Amino acid sequence: MKNLIYIVTIDHPSSKYKNSDYSQYCLNTWKYWCDMNDVDLQVITKHDERFGKPIWNKELIYERAEGYDKIGVVDSDTMVKWDSPNPFDLFDEEFCGVNDIANMKWMDDSIKAYGKFFPDLEIDYYQYINAGVLFFHKKHLHIFKEILDFYFDNQEELDNWNKGGGKEQTILNYHLVKNNIKPKLIPPSWNLFAIHKKEMFQGNWQIQEDPTPFFIKYGNIWHFTGISLQDRIDLMRITWERFRGEYVY
Amino acid sequence: MSTNIVFTVNIKNPDKPNRSTPYDLSIKSWKDWASKNDCEVFVLDQWIYEEMNPNWHKLLVFDLLESSDIEYDQILIVDSDTIIHPNAPNVFETTDNKFCAVHNDGSYDWVCRSLETYSKYVFKDYMFDVWEYFNSGFMIVNGKHKDLFRDIRNFYLTNSNLLKQIQENFGVGTDQPIINFFVQKNNVDLKLLPYKWNMQDMFRKEILTPDFLFTKLGWVYHFNAIPENPDSSKTVYWMNKTYKFFHISFYRDSND
């Protein structure tokens, strides 16, 4: 069994901040975890000039994961806990993700906005997954090719998209529905997004014996979303500086 | 003949008689739904134990039904600050005859402190998965869980001083953490239902909005955890508005 973690981290002029300003901390953790768990890590730093935005490089996983049995695609604003269990043990041939209902207004708006491309499809809100951490069997790789084809078919509109609702996440969810793939929902610990909204950046301020922040204690993969880019850089840096001592060989 | 029961506690506070009005709307909504889904609503509106807060009274559900000679199949125990959509499907058909509840998805600062506090001071460092911690405002049980509820009630009666102290010092929940710990410690077969069956903390999810977006996203609306909510005034406001919204949209049509 050969498994892969795939991360896209590209510094691109379309963003005011460099992706590497925060992805350096992401990569520190994933490199360590992959080494310790005998999982290959593929880091994409070179932009494919066919795309308007770097995010679409994620979809190239379909041609870059040849020879692997199970694949994890994780965003560059994630960090994995040093002793996280192995997510590849969670599934056999399913497509796994975490239900994203942190901001249901955003989700609803996004589904409606992108729904114009998929007039005959309906997304179940409680099967809607966050695209920042995905684990799946190789048999699902074709989904990403389909998304890429969809992107090229609608490139001008998608590159200039100003209706909100994110970029590829809702499109991925529509393609899952289109292919009758019901995702296997895994617990939020595997993609702990909206940490500030969950109020997990703090530790237990009443029982002060252990000041470890809740997200560290109860999460396996921390996803620094829903905050400003500067806050993301600062929080990922602080997290790395505080816990780097755990990532020792 | 046994039937499915919706059980709710609505013990009125004589000092604040108006406070109960929206909770009456909750009961009305559940009665409307129950009439369409072949079940009965049982409301406890009197104190049984004077020293026991109303929220603990839900633990008496089995005794109350049996002393009232009511035969039951499954029981949905629901808080009185909820309203159900009039067209919600029959949730009893989704249970697989298990203990069902909805994960408490809201402030994890509160959830984690609740878990850690009760673990340390009450349950001798026993811990369980935070992602299985459920909100006790919506639970479905059946006869298999009668002993569980008896044990929790006895535990409360034996340890009420300790539990009151914890509540005074830490403020991290009353019946909810205890029920969670008992379910986990006793390896009760727990089925977590989707959020749509107990839509807690809707403000945090940015759906408690004047366009009633929440009514399009699920079935049971739990008007808790609303910020800046002195004397539950916003709970009252939203329950009134929601009931009226449904009354205009659904009940009136069905009564014509």
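Our structure's up above, just so we're on the same page.
Cut-offs used in this document
Residues numbered from 1 in each chain as written. Chains lettered and ligands numbered in written order. Predicted model: local features only at pLDDT ≥ 70, side-chain atom pairs only at ≥ 80, totals over all residues. Helix = DSSP H or I, 4+ residues; strand = E, 2+ residues; numbered from the N terminus. Rg over C-alpha atoms; globule rule 2.2 N^0.38 Å. Buried ≥ 20, exposed ≤ 12 C-beta atoms within 10 Å, placed from the backbone. Contact = placed C-beta atoms within 7 Å. Pairing = 2+ DSSP bridges. Right-handed = clockwise from strand over helix to strand, strands pointing away. Nonpolar A, V, L, I, M, F, W, Y, C, P; charged D, E, K, R; others polar. Axes fitted to C-alpha atoms, helices over the stretch in contact; angles between N-to-C directions. Expected span 1.5 Å × (residues − 1). Left-handed = near helix turned anticlockwise from the far one by under 90°. Parallel < 35°, antiparallel > 145°, perpendicular 65-115°, else oblique.

## Considerations on the overall build of chain B
Along its length, chain B carries six helices and eight strands. Listed N to C, the secondary structure of chain B is β-α-β-α-β-β-β-α-β-α-α-β-β-α in terms of helices and strands. Taken over the C-alpha trace, chain B has a radius of gyration of 18 Å; the compact-globule value for 256 residues is 18 Å, and the two agree within 12%. Along the first, second and third principal axes, the C-alpha atoms of chain B reach 60 × 45 × 40 Å. Looking at chain B residue by residue over its 256 residues, the buried ones come to 41%. The contacts in chain B between residues at least 6 apart in sequence include a share of 76% that link residues at least 24 apart.

## So, the overall build of chain A
In terms of helices and strands, chain A carries nine helices and eight strands. Over its C-alpha trace chain A gives a radius of gyration of 18 Å, about what one expects of a compact globule, namely 18 Å for 249 residues. Taking the principal axes of the C-alpha coordinates as reference, chain A spans close to 55 × 40 × 35 Å. Split into buried and exposed, the 249 residues of chain A put 41% on the buried side. When contacts within chain A are restricted to residue pairs at least 6 apart in sequence, long-range pairs at least 24 apart make up 81% of them.

## Remarks on the sheet that holds strand 7 (residues 184-185) of chain A
Residues and elements named next belong to chain A. Taken together, six strands build an open sheet; the order of strands is 2-1-3-6-5-7 and the sheet is mixed. Two strands lie at the open edges of the sheet, namely strand 2 (40-44) and strand 7, each paired on one side alone. Two strands pair when backbone bridges link them, and strand 1 (residues 3-8) and strand 2 are joined in this way by five bridges, in the parallel orientation. Residue leucine 4 lies in a different strand from strand 2, and its bridge partner there is aspartate 40.

## Observations concerning the pairing of strand 1 of chain A
Residue and element names in this part refer to chain A. Most of strand 1 is tucked away: six of the six residues are buried. Across the two faces of strand 1 the burial is the same, with Asn3, Ile5 and Ile7 and Leu4, Tyr6 and Val8 all buried. Inspection of the sheet shows strand 1 paired to strand 3 (residues 70-74) by four bridges, in the parallel sense. Opposite tyrosine 6, over in strand 3, you have valine 73 as the bridge partner. Handedness of the strand 1-helix 1 (residues 20-37)-strand 2 crossover: right-handed.

## As for the interface of chain A and chain B
Counting residues at the interface gives 20 residues for chain A and 20 residues for chain B. Contributions of two or more residues to the side of chain A that touches chain B are made by helix 3 (104-114), helix 7 (195-198) and helix 8 (214-218) of chain A. In terms of residue count, the dominant contributor to the side of chain A that touches chain B is helix 3 of chain A (three residues). Split into classes, the residues belonging to the side of chain A that touches chain B amount to ten nonpolar, five polar and five charged.

## Regarding the sheet that holds strand 5 (residues 99-103) of chain B
Within a beta sheet, neighbouring strands are joined by backbone hydrogen bonds and run either parallel or antiparallel to one another. All names here are of chain B. Read across the open sheet, the six strands follow the order 2-1-3-6-5-7; overall the sheet is mixed. On the outer flanks of this sheet lie strand 2 (39-44) and strand 7 (190-193), each paired with one strand and no other. Each strand axis lies, on average, 25° off the axis of its neighbour in the sheet, ignoring direction. As judged from the four bridges shared by strand 5 and strand 7, these two strands associate in the parallel manner. Pairing of phenylalanine 99 across the sheet is with leucine 190, part of strand 7. Contacts between helix 1 (residues 21-36) and the sheet are confined to strand 1 (3-9), strand 2 and strand 3 (72-78), with strand 2 contributing the most and set at about 160° to the helix. In the packing of helix 5 (residues 175-185) onto the sheet, contacts are made with strand 5, strand 6 (134-142) and strand 7, and the angle to strand 6 comes to roughly 50°.

## Description of helix 3 (residues 108-121) of chain B
Counted at 1.5 Å a residue, the expected span for helix 3 of chain B with its 14 residues is 20 Å, and the 19 Å between its end C-alpha atoms agrees. The set of residues buried in helix 3 of chain B consists of Tyr108, Val111, Cys112, Arg113, Ser114, Leu115, Glu116, Thr117 and Tyr118 of chain B. The elements touched by buried residues of helix 3 of chain B are helix 7 and helix 8 of chain A together with helix 4 (146-170) and helix 5 of chain B.

## What to know about the packing of helix 1 of chain A against helix 9 (residues 229-243) of chain A
The description of two packed helices rests on the angle between their axes and on the distance between the axes. Residues and elements named next belong to chain A. At a closest axis distance of 8 Å, the pairing of helix 1 and helix 9 adopts a crossing angle of 30°. Crossing hand, helix 1 versus helix 9: left-handed. Residues Asp21, Tyr22, Tyr25, Cys26 and Asn28 of helix 1 form the contact with helix 9, whose own contacting residues are Arg232, Ile233, Met236, Arg237, Thr239 and Trp240. Here the residues of the contact of helix 1 with helix 9 are counted per class, giving six nonpolar, two polar and three charged.

## Details of the environment of proline 177 of chain B
All names here are of chain B. Position of proline 177 among the secondary structure elements: in helix 5. With 24 C-beta atoms packed within 10 Å, proline 177 lands in the buried category. When the C-alpha atoms of proline 177 and isoleucine 83 are compared, they prove to be 23 Å apart, with 94 residues separating the residues in sequence. Excluding residues within four positions of it along the chain, proline 177 makes contact with Ser114, Tyr118 and Val172.

## Quick notes on the packing of helix 4 of chain B against helix 5 of chain B
All names here are of chain B. Look at helix 4 against helix 5: their axes get within 10 Å of each other, and the N-to-C directions meet at 130°. When the axis of helix 4 is compared with that of helix 5, the two are oblique. The handedness of the crossing between helix 4 and helix 5 comes out as right-handed. Across the interface between the two elements, Leu148, Asp151, Ile152, Phe155 and Tyr156 of helix 4 pack against Ile178, Ile179 and Phe182 of helix 5. Residues of the contact of helix 4 with helix 5, tallied by class, amount to seven nonpolar, no polar and one charged.

## Here's the deal with helix 5 of chain B
Residues and elements named next belong to chain B. The buried count for helix 5 comes to eight of eleven residues, which makes it a mostly enclosed element. Those residues of helix 5 that fall on the buried side of the exposure criterion are Asp175, Gln176, Pro177, Ile178, Ile179, Asn180, Phe181 and Val183. At the exit of helix 5 stands asparagine 187, carrying a positive phi of roughly 50°.

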